[in-house]
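# Summary of structural features
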Amino acid sequence: MTAETQIVIPARNRSARMENWGRAYYRFRQSWLSVIGLTIVVALVVIAILAPYIVPHPEHVAGGTNTAARFLPPSADAWFGTNELGQDIFSLVVVGSQVSLFSGLAVVFIAIVVGTAVGAVAGYFGGWTDEILMRITDLLLTIPSLILAMAVAAALGSGVFNMIVAISITWWPAYARLVRGEVIGKKEEQFVVAAHALGAGWARILGRHILPNIVSPIVVKASLDMGFAILTVASLGFVGIGVKPPTPEWGTLLSGARSYMPDYWWTAVAPGMAIFLAVLAFNLLGDGLRDVLDPKARR
Amino acid sequence: MVLFILRRLLLLIPILIGLTLLLFVVARLLPGDPVGLAAGPNASAETIAQLRQQFGFDQPLPIQYWTYLTGLLEGDWGTSVFTRRPVFQDILEYLPATLELVFAALLIAVVLGIPLGLLTAVYRNGPLDYVTRTLALGGIAMPRFFLGLMLQLAFAAWLGWLPLAGRYPFIESPPDTVTGLYTIDALIAGDLYAFQIAAAHLALPAIAMALSPLATIMRMMRASTIEVLQQDYVMTERALGLSSRLILFKYVLKNAMTSTLTVIGLYVSWLLGGTVLVETVFDWPGLGLYATQAILTQDFMPVIGVTLVIAIIYLLTMLVVDVLYGVFNPKVRYA
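Everything numeric here is computed off the predicted structure, so don't read it as measured data.

## A short note on the overall build of chain B
The helix and strand tally for chain B stands at 13 helices and zero strands. For chain B, the N- to C-terminal ordering of α and β elements is α-α-α-α-α-α-α-α-α-α-α-α-α. C-alpha atoms of chain B, sized along the principal axes, occupy 85 × 55 × 40 Å. When each of the 335 residues of chain B is scored for burial, the buried share is 37%. Looking at chain B alone, contacts between residues at least 24 apart form 71% of all its contacts between residues at least 6 apart.

## Focus on the interface of chain B and chain A
Listed by partner, the interface residues are 39 residues for chain B and 35 residues for chain A. Residue assignment for the side of chain B that touches chain A shows that the elements contributing at least two residues are helix 1 (2–29), helix 6 (127–141), helix 7 (144–158), helix 9 (192–229), helix 11 (244–282), helix 12 (287–296) and helix 13 (300–328) of chain B. Tallied by class, residues from the side of chain B that touches chain A come to 28 nonpolar, 11 polar and no charged.

## Things to note about helix 11 of chain B
For helix 11 of chain B, built from 39 residues, the straight-helix expectation of 57 Å at 1.5 Å per residue is missed by more than 12%, its first-to-last C-alpha distance being only 45 Å. Downstream of helix 11 of chain B by a residue or two, Asp283(B) has a phi angle that is positive, lying close to 50 degrees.

## Looking at the environment of Phe24(B)
All names here are of chain B. Note on placement: Phe24 falls in helix 1. For Phe24, a count of 18 C-beta atoms within 10 Å translates into the label partly exposed. Each C-alpha atom, one on Phe24 and one on Phe300, is 8.5 Å from the other, the two residues being 276 residues apart in sequence. Phe24 has contacts with Tyr65, Tyr68 and Ile304, leaving out every residue within four places of it along the chain.

## Structural notes on helix 8 (residues 182–189) of chain B
Residue and element names in this part refer to chain B. Considered for burial, the residues of helix 8 that qualify are Tyr182, Thr183, Asp185 and Ala186. All buried residues of helix 8 lie within an arc of 165 degrees about the axis, which places them on one face of the element. Structurally, helix 8 contributes buried residues whose contacts are with helix 5 (87–122) and helix 9. A positive phi of about 70 degrees marks Gly190, the residue just after helix 8.

## Topic: the environment of Ala27(B)
Residue and element names in this part refer to chain B. Mapped onto the fold, Ala27 is located in helix 1. Distance in space between the C-alpha atoms of Ala27 and Ala239 is 62 Å, their sequence separation being 212 residues. In this structure, Ala27 is in contact with Phe300, Val303 and Ile304, ignoring residues within four places of it in sequence.

## Comments concerning unusual backbone geometry
All names here are of chain B. Backbone geometry at Asn125 places phi at a positive 65 degrees, although glycine is not the residue there. Within the element layout of this structure, Asn125 appears in the loop between helix 5 and helix 6. Here Asn125 falls in the exposed class, since 9 other C-beta atoms lie within 10 Å of it. Positive phi outside glycine occurs at Asp283, with the angle close to 50 degrees.

## Regarding the nonpolar core
Within the largest apolar cluster, 153 residues are counted, with the highest numbers of intra-cluster contacts made by Met150(A), Ile230(A) and Ala105(B). Those residues in contact with Ile230(A), other than ones at most four positions away along the chain, are Ser100(A), Gly104(A), Ile275(A), Ala278(A), Val279(A) and Phe282(A).

## Some points on the packing of helix 6 (residues 145–156) of chain A against helix 12 of chain B
One way to put it is that helix 6 of chain A packs onto helix 12 of chain B with a least axis distance of 9 Å and a crossing angle of 20 degrees. Taken together, the axes of helix 6 of chain A and helix 12 of chain B lie roughly parallel to each other. Relative to helix 12 of chain B, the crossing made by helix 6 of chain A is right-handed. On the side of helix 6 of chain A, the interface is formed by Ile147(A), Met150(A), Ala151(A) and Ala154(A), while helix 12 of chain B contributes Ala291(B), Ile295(B) and Leu296(B).

## Section: the environment of Val268(B)
Residues and elements named next belong to chain B. Along the chain, the position of Val268 falls in helix 11. The class for Val268 is buried, based on 21 C-beta atoms found within 10 Å. Between the C-alpha atom of Val268 and that of Leu315, which follows or precedes it by 47 residues, the distance is 10.0 Å. The contacts of Val268, once residues within four sequence positions are left out, are Leu106, Ile313, Tyr314 and Thr317.

What counts and what doesn't
- Residues numbered from 1 in each chain as written.
- Chains lettered and ligands numbered in written order.
- Predicted model: local features only at pLDDT ≥ 70, side-chain atom pairs only at ≥ 80, totals over all residues.
- Helix = DSSP H or I, 4+ residues; strand = E, 2+ residues; numbered from the N terminus.
- Buried ≥ 20, exposed ≤ 12 C-beta atoms within 10 Å, placed from the backbone.
- Contact = placed C-beta atoms within 7 Å.
- Nonpolar A, V, L, I, M, F, W, Y, C, P; charged D, E, K, R; others polar.
- Expected span 1.5 Å × (residues − 1).
- Arc of directions from axis to C-beta.
- Core = buried A, V, L, I, M, F, W, Y, C linked by C-beta atoms within 7 Å.
- Axes fitted to C-alpha atoms, helices over the stretch in contact; angles between N-to-C directions.
- Parallel < 35°, antiparallel > 145°, perpendicular 65-115°, else oblique.
- Left-handed = near helix turned anticlockwise from the far one by under 90°.

Now the structure itself:
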């Protein structure tokens, strides 16, 4: 006796796209390290945006000093202590997150735009264009990037904008290499051939058909690069090139603290830990995104 | 293989010519007035013009480049406007200190990183694995210069075990120069006292530089070992009853090494460029400090010289890495 059992197909209450997002979110959540990374990154961004309004001593950030309170160790009043000018280090470090995060983001953004343009053109057209563009890229990759960035930044003069330009010059070749490889891989696929047969021009094929298909590796690389971009910005500040005081920046704060090191160690610990935390958070987030967008690379 | 190496060495020539051209053009295109900086704010227009002529800045760019390129081959790498000494001589003086630092850091990173990577892959998800992986995540994110400062604070200022900075005390005379690397020179001379001093000064900066490559090499080694361990041939060897030690060291290690080798090669360039930061922290008299000083005074020739030296060392390292691929994996053909 077989009773008729009705097969119930669960109704799809979400669109396929939403399901993809749900799956991605599930995969991301699987690793608690990437969730921690995302949490810290979000917190850092919120703090950076609100920084001028939440710090206890905004006047110190603007360059105000309080020499009566020099070199106070960390306490309930000044959480991270005070520096040689009596400024509250907590306020400086919190506002310093603005320059560091913004510069890091700007460097990676410029590198993506320039690198993608160069890599896409080289990969799509091939031949001599490819040869010339890639040889220049290769040459730039052999130069130690930190020294090149330092030299360019020093020649352009101090300032956040000049520093961003200098670091970006050393940063785009890696993206050009990545995008070129991906474009060459996609160029021969059926949908590109079809677009070509329909009479699409090279700009349309690259922009509408190829580039949207290679966004994942670029995003993965960009998120892993954010931490290193922040680190490079701080490195330039530390050797005394780039952002100049009174603009608070983590590397510059650390470099200033070096002269007072063994005795007034807290002047160095706070900015150093801030750099460490930001780089760590972006690295964790990048690892998580790689697991979501590029499951093959998962270990 | 000899042919392969020769061909690769020949290929270096156009790369180096391109590199000098690129560096030269970039250096000249940038704004900045090294002569004005070197002459000082009170120099007369006449003095500046004279200095310009002396350093050849009054010639057209292509002629300046040609003079520079032909000079390079004769060992004349230009003159530093700041130290007023030939760049080549300066580099020869500072290079050994930097090489000593980079070798020491690389040695620490490789000697600790590869076994740790193997161990954590074999005892995957064990306590050692979790501890080292967490430390590795931190190690990659740790800025070298901050780590250097903290090491100084802990081991020099508080514990007093190791010297704070510098390469060798002024009052002592360093061992006779053979290689220029004080630790090795001391060993050659058989002078254990000098070796102790040199090694003590070397320890902190080398550790500060080694942490990030150590963490990366360990992670890379762990990942590739896990991948190799899952291969069919490893299972076959297990089924044949080979001991796990034999499998690990004879078959797995070699195959896992290839991708780690690339990372080690890339780190040579990263370490050489990064000495700028660590040498600043530890007042280590190497290329990094020299380059920083040249950059701050916008002195082109030393910057080009240092960059060129680092690029040459990097290119030679990559050649060595490519040759080593074949040693670890006979399937690789030298083409």
